[in-house]
Amino acid sequence: MPNQPKRYRPATELVFVDSFSDDPNAVNDPYHASSVPIYQTATFKQTSASGSGQYDYSRSGNPTRSAVEIHLAKIMNAERAFVVSSGMSALDVITRLVGAGEEIVAGDDLYGGTNRLLTYLSTYMNVKTHNVDTTSVSAVEAKLDPFKTKLVLLETPTNPKIKIADIKSIAEMVKAKCPNALVVVDNTMMSPYLQKTLDLGAHIEYHSGTKYLSGHHDLMAGVIGVCSQEIADRIYHVINATGCGLSPFDSWLLFRGVKTLAVRIEKQQTNAMLVANFLEANGFKVHFPGLASHPQYELHKTLSSGPGAVLSFETGDIAASERIVETTKLWAISVSFGCVNSLISMPCRMSHASIPAEIRLQRDLKEDLIRLCVGIEDPTDLIEDLSNALVFAGYSIKN
Ligand SMILES: *Cc1c(COP(=O)(O)O)cnc(C)c1O
């Protein structure tokens, strides 16, 4: 048995790469480069006719990609991790574990793109999705079919309604009631720094690496972490077969981003707490798991070590929401989140516009809802800018 490498606290693990490990599964650059080089090559020359080198073709494997995968597996407490070309690509790979006639049970407040892919699967591939309120373990249980259900797909907190799914209880229930199903968590909103879903019982955790993991909105990536070698082999097979592995340059950029995840998240969630308190003190209905008024405040604390930095609030007036969003200067109007700078949006007009209006209504997704993704700026400037926009939209504000 090789010695288990020493484990450090999360912020240390994000930065530390053991460049002198003799473990063949560690990040091993022959020159011990502090920043793993970008192996910008499609092919690798072989020494024998049977081609037995560790790498041969970058679709199948590339040292820069391997380095970030090994690092992320450590961060996620995963048996293995994989990086692919986007978050949606990660979900595409995972859903290929589902066969025609099998079913998915998923939340009813899903990322817009997830909804689009699941709709495609039900329209063209005979894979049906049941959308349920995942804040209720029994609502999930009611849709499980031991013969058909292949995936239980969770997001927590959900976006933009910021509802919490009890990953731990759902995973236990699924393993007991439906042992053939895999519990899959989209952990993009929390990042592995705040929430480790494989430790909570999920089989597969995935991320849009475009968000917190990279942190600067300068690349697109997806990350998949799995709990067993068996699932890893199936996921690798799909990635190699379809060719969606992350490019060497983007793998390098993602690796660089991950190293600052702790400092970014700590600052972003401190700022988010201040913004949430400011809005709540001014009478707005705020959705944020860091507020004691959140209906699942206690539950969230059992799953995650912090509230994150995405919140939403209601104004009760669509026109006022539009005015607020268009008046802020520091808060850029943009989809996405997880970037160092702050963003503002109306989900029903942007990120969630692909969900038909009647389904948005059915799911009680408020058209006036404003989502804030809080960055690392000085919080006084952020609150001042928001306050100015609220005053312009007709609200009286105390700071
Ligand atoms: C952005 C996002 C995705 C999709 O990731 P891309 O990198 O944009 O493909 C999936 N889930 C959540 C929660 C996201 O925010």
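Residues numbered from 1 in each chain as written. Predicted model: local features only at pLDDT ≥ 70, side-chain atom pairs only at ≥ 80, totals over all residues. Heavy atoms only, no water.

Chemist: Please clarify how the state of the cysteines should be interpreted in this entry.
Modeler: Simply put, disulfide is the name for a covalent bond between the sulfur atoms of two cysteines. Taken as a whole and assessed by the stated rule, the structure comprises zero disulfides. A disulfide-free cysteine, Cys244 has its sulfur positioned 20 Å from the sulfur of Cys227, the nearest such atom. Using a relative accessible area of 11% as the deciding quantity, one classes Cys244 as buried. Take Cys348: it sits in no disulfide, and the sulfur closest to it among the cysteines is that of Cys373, at 14 Å. (Disulfide = S-S within 2.5 Å. Buried < 20%, exposed > 50% of the residue type's maximum accessible area, 1.4 Å probe, protein only.)

Chemist: Teacher, can you tell me more about helix 8 (residues 229–242) here?
Modeler: A rise of 1.5 Å per residue sets the reference length of helix 8, with its 14 residues, at 20 Å; its end C-alpha atoms lie 20 Å apart and thus fit the reference within 8%. All buried positions along helix 8 are accounted for by Ile231, Ala232, Ile235, Val238 and Ile239. An end-on view of helix 8 places all buried positions within 130 degrees of arc, on one side of the element. Within helix 8, the exposed residues directed more than 90 degrees away from the buried face are Glu230, His237 and Ala241. Elements that come into contact with the buried residues of helix 8 comprise strand 1 (80–84), helix 3 (87–95), strand 5 (182–186), strand 6 (204–208) and strand 7 (222–226). Directly after helix 8, the chain includes Gly243, whose backbone phi takes a positive value near 80 degrees. (Helix = DSSP H or I, 4+ residues; strand = E, 2+ residues; numbered from the N terminus. Expected span 1.5 Å × (residues − 1). Arc of directions from axis to C-beta. Contact = heavy atoms within 4.5 Å.)

Chemist: Is there a simple way to think about the UniProt feature "modified residue: N6-(pyridoxal phosphate)lysine" (unreviewed entry) in the protein chain in this case?
Modeler: Per the UniProt annotation, the sites labelled "modified residue: N6-(pyridoxal phosphate)lysine" (unreviewed entry) are Lys211. Locating Lys211 in the fold gives a position in the loop between strand 6 and strand 7. Looking at Lys211, the relative accessible area reads 8%, which means it is buried. Ignoring any residue separated from it by four or fewer positions in sequence, one finds Lys211 in contact with Tyr111, Thr188, Ser336, Phe337 and Gly338. (UniProt positions renumbered as here; feature names shortened; annotations may be inferred.)

Chemist: How should a nonpolar patch on the surface be read in this particular structure?
Modeler: A cluster of nonpolar residues, Tyr120, Tyr124 and Met125, forms a patch on the protein surface that exposes about 370 Å² of accessible area. Among the structural elements, Tyr124 can be located in helix 4 (residues 112–124). (Patch = residues over 30% accessible without salt bridge, like charges linked within 9 Å, V, L, I, M, F, W, Y side chains within 5 Å. Areas by Shrake-Rupley, 256 points an atom, 1.4 Å probe, with all protein chains shown as cover. Salt bridge = Lys/Arg side-chain N within 4 Å of Asp/Glu carboxyl O.)

Chemist: Help me understand the packing of aromatic side chains in this model?
Modeler: Any two aromatic rings considered together are summarised by their centre-to-centre distance and by the angle between their planes. Taken as a whole, this structure holds seven aromatic pairs when the rule is applied. Taken together, a centroid distance of 4.8 Å and an interplanar angle of 45 degrees make the contact between Tyr120 and Tyr124 tilted. Taken together, the positions of Tyr120 and Tyr124, both in helix 4 and four residues apart, correspond to about one turn of that helix. Tyr124 gets classed as exposed once you look at its relative accessible area, which sits at 58%. Members of the aromatic cluster, connected to one another through ring pairs, are Phe284, Phe313 and Tyr395. Its end group placed over the ring of Phe255, Lys259 keeps NZ or CZ at 4.8 Å from the ring centre. (Phe/Tyr/Trp six-rings, centres within 6.5 Å; stacked < 30°, edge-to-face > 60°. Lys NZ or Arg CZ within 6 Å of the ring centre and 35° of its normal.)

Chemist: I keep staring at the site of the ligand and nothing clicks. Help me out?
Modeler: Around the ligand, the surrounding shell consists of Ser86, Gly87, Met88, Tyr111, Asp186, Thr188, Ser208, Thr210, Lys211, Met220, Ala221 and Phe337. Note that an oxygen atom of the ligand is positioned 2.9 Å from one of the backbone N or O atoms of Met88. Ser208 places a side-chain nitrogen or oxygen 2.8 Å from an oxygen atom of the ligand. For the ligand, the protein covers 93% of the area, taking 380 Å² as the surface of the free molecule. Grouping the amino acids of the shell around the ligand by side-chain chemistry returns five nonpolar, five polar and two charged. (Near = heavy atom within 4 Å. Polar contact = N/O pair within 3.5 Å; in protein donor to acceptor, adjacent residues only side chain to side chain. Nonpolar A, V, L, I, M, F, W, Y, C, P; charged D, E, K, R; others polar.)

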